[in-house]
Amino acid sequence: GSTITNAQVLVNGADSAFTYKVTVDEFAQNRMKFWYVNINGNLDQNEITTNVSLSDSAKKERFALSATMQNNKDTQIIQLHPGLKLNYETWQVNEPNRIVLAKNGMYVQNFQINNNNQYIKINSEQPKPNTPLRVDISNFMLADITRMISSDTLLANGVLGGNIVLERTVPTPALTS
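Cut-off values and rules
- Residues numbered from 1 in each chain as written.
- Predicted model: local features only at pLDDT ≥ 70, side-chain atom pairs only at ≥ 80, totals over all residues.
- Heavy atoms only, no water.
- Helix = DSSP H or I, 4+ residues; strand = E, 2+ residues; numbered from the N terminus.
- Contact = heavy atoms within 4.5 Å.
- Areas by Shrake-Rupley, 256 points an atom, 1.4 Å probe, with all protein chains shown as cover.
- Lys, Arg positive; Asp, Glu negative; His and termini not counted.
- Charge placed at Lys NZ, Arg CZ, Asp CG, Glu CD.
- Pairing = 2+ DSSP bridges.
- Core = buried A, V, L, I, M, F, W, Y, C linked by side-chain atoms within 4.5 Å.
- Buried < 20%, exposed > 50% of the residue type's maximum accessible area, 1.4 Å probe, protein only.
- Salt bridge = Lys/Arg side-chain N within 4 Å of Asp/Glu carboxyl O.

Peer 1: I keep staring at the overall build of the protein chain and nothing clicks. Help me out?
Peer 2: Scanning the protein chain from terminus to terminus reveals 1 helix and 16 strands. The dimensions of the protein chain, computed from C-alpha atoms along their principal axes, are 50 × 45 × 30 Å. In the protein chain, 28% of the contacts between residues at least 6 apart in sequence involve partners at least 24 apart. Per element, the accessible surface of the protein chain, about 10,600 Å² overall, is 51% carbon and sulfur. Positive and negative side-chain charges in the protein chain, numbering 15 and 15 respectively, have mean positions lying 4 Å apart.

If you want it as structure tokens, here you go:
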């Protein structure tokens, strides 16, 4: 049930680094369709940079994301970069931000994306794994995300708002919302 139209994969390497680029004109599976997918970036020893872009059938960019992941022994650090686009709208990205994944839990610092009166903020109480993590969401339009998956059928719609406190992630997650 899947169709891929005009896919290209380019990889260039030198020493311990390489760049990559994947493009697809159309990817369809059942009711999901992705148009003009462009994924590119580079991998250099302990860091991978990725840029993802999805357009509509008229080649107008609809969704975009740019991020970096660094590997430091048993810890991975993910940073979201400016240029976030959700359903054609450019969102502001707080910098510097960090999502840190470690063997004994995770923590998040200064993560916030916003567009006008919509926002998602995520911060841990302390910059160390398994400390309480607070998520604040205000006026977030669910269709901004669900439109990425299906443009002809709205999977979910509405305005999301609320607060979640993840008390811990390890050994078992505990949350209050």
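Peer 1: Is there a simple way to think about the sheet that holds strand S15 (residues 159–168) in this case?
Peer 2: Backbone hydrogen bonds are what pair the strands of a sheet, in a parallel or an antiparallel way. The 6 strands are arranged S9-S12-S13-S14-S15-S16 in an open sheet whose pairing can be described as antiparallel. Each edge of the sheet is formed by a strand with only one pairing partner; in this case those strands are strand S9 (92–93) and strand S16 (174–176). Relative to strand S14 (residues 133–141), strand S13 (residues 118–124) runs antiparallel, the two being bridged by 6 bridges. Of the residues in S14, the one forming a bridge with Ile 120 is Ile 137.

Peer 1: For this particular structure, what's the right way to read the pairing of S15?
Peer 2: Along a regular strand, successive side chains alternate from one face of the sheet to the other. Across 7 bridges, the pairing between S14 and S15 is antiparallel. Within S15, the position partnered with Val 135 by the bridge is Ile 164. Between the antiparallel neighbours S15 and S16 lie 5 residues.

Peer 1: Just to check I follow, could you spell out the nonpolar core for this structure?
Peer 2: As a rule of thumb, nonpolar side chains are buried together in soluble globular proteins. Membership of the largest hydrophobic core comes to 21 residues, with the highest contact counts inside it found for Leu 80, Leu 84, Ile 113 and Ile 122. Listing elements by their share of this core, those giving two or more residues are strand S3 (32–44), strand S5 (61–72), strand S12 (111–115), S13 and S14. Not counting residues up to four positions away in its chain, the partners in contact with Leu 80 are Leu 65, Ser 66, Ala 67, Val 93, Asn 97, Phe 111 and Ile 113.

Peer 1: Any chance you could explain the pattern of salt bridges here in plain terms?
Peer 2: Where side chains of opposite charge bring their charged atoms close, a pairing between them can arise. A full pass over the atoms with the stated rule returns 4 salt bridges. Among the salt bridges present, the one from Lys 85 reaches Glu 61, with a minimum N-O distance of 3.2 Å. Of the two residues, Lys 85 is situated in strand S7 (residues 85–86) and Glu 61 in strand S5; the sequence distance between them amounts to 24 residues. According to the relative accessible area criterion, Glu 61 is partly exposed, its value standing at 30%. Arg 134 is the partner of Asp 136 in a salt bridge, and the nearest nitrogen-oxygen pair spans 3.0 Å.

Peer 1: For this particular structure, what's the right way to read the side chain of Ser 55?
Peer 2: By the element assignment, Ser 55 lies in strand S4 (residues 47–55). Dropping the residues within four chain positions of it, Ser 55 is found in contact with Trp 35, Tyr 36, Lys 60, Glu 61 and Arg 62.

Peer 1: Can you help me understand unusual backbone geometry in this one?
Peer 2: Residues apart from glycine generally show negative phi values, whereas peptide bonds are mostly found in trans. The residue after Glu 95, namely Pro 96, is reached through a cis peptide bond having omega -10°. Along the chain, the position of Pro 96 falls in the loop between S9 and strand S10 (98–102). Backbone geometry places Asp 15, a non-glycine residue, at a positive phi of 55°. We classify Asp 15 as exposed; its relative accessible area is 89%.

The values are spatial; any link to function lies outside them.
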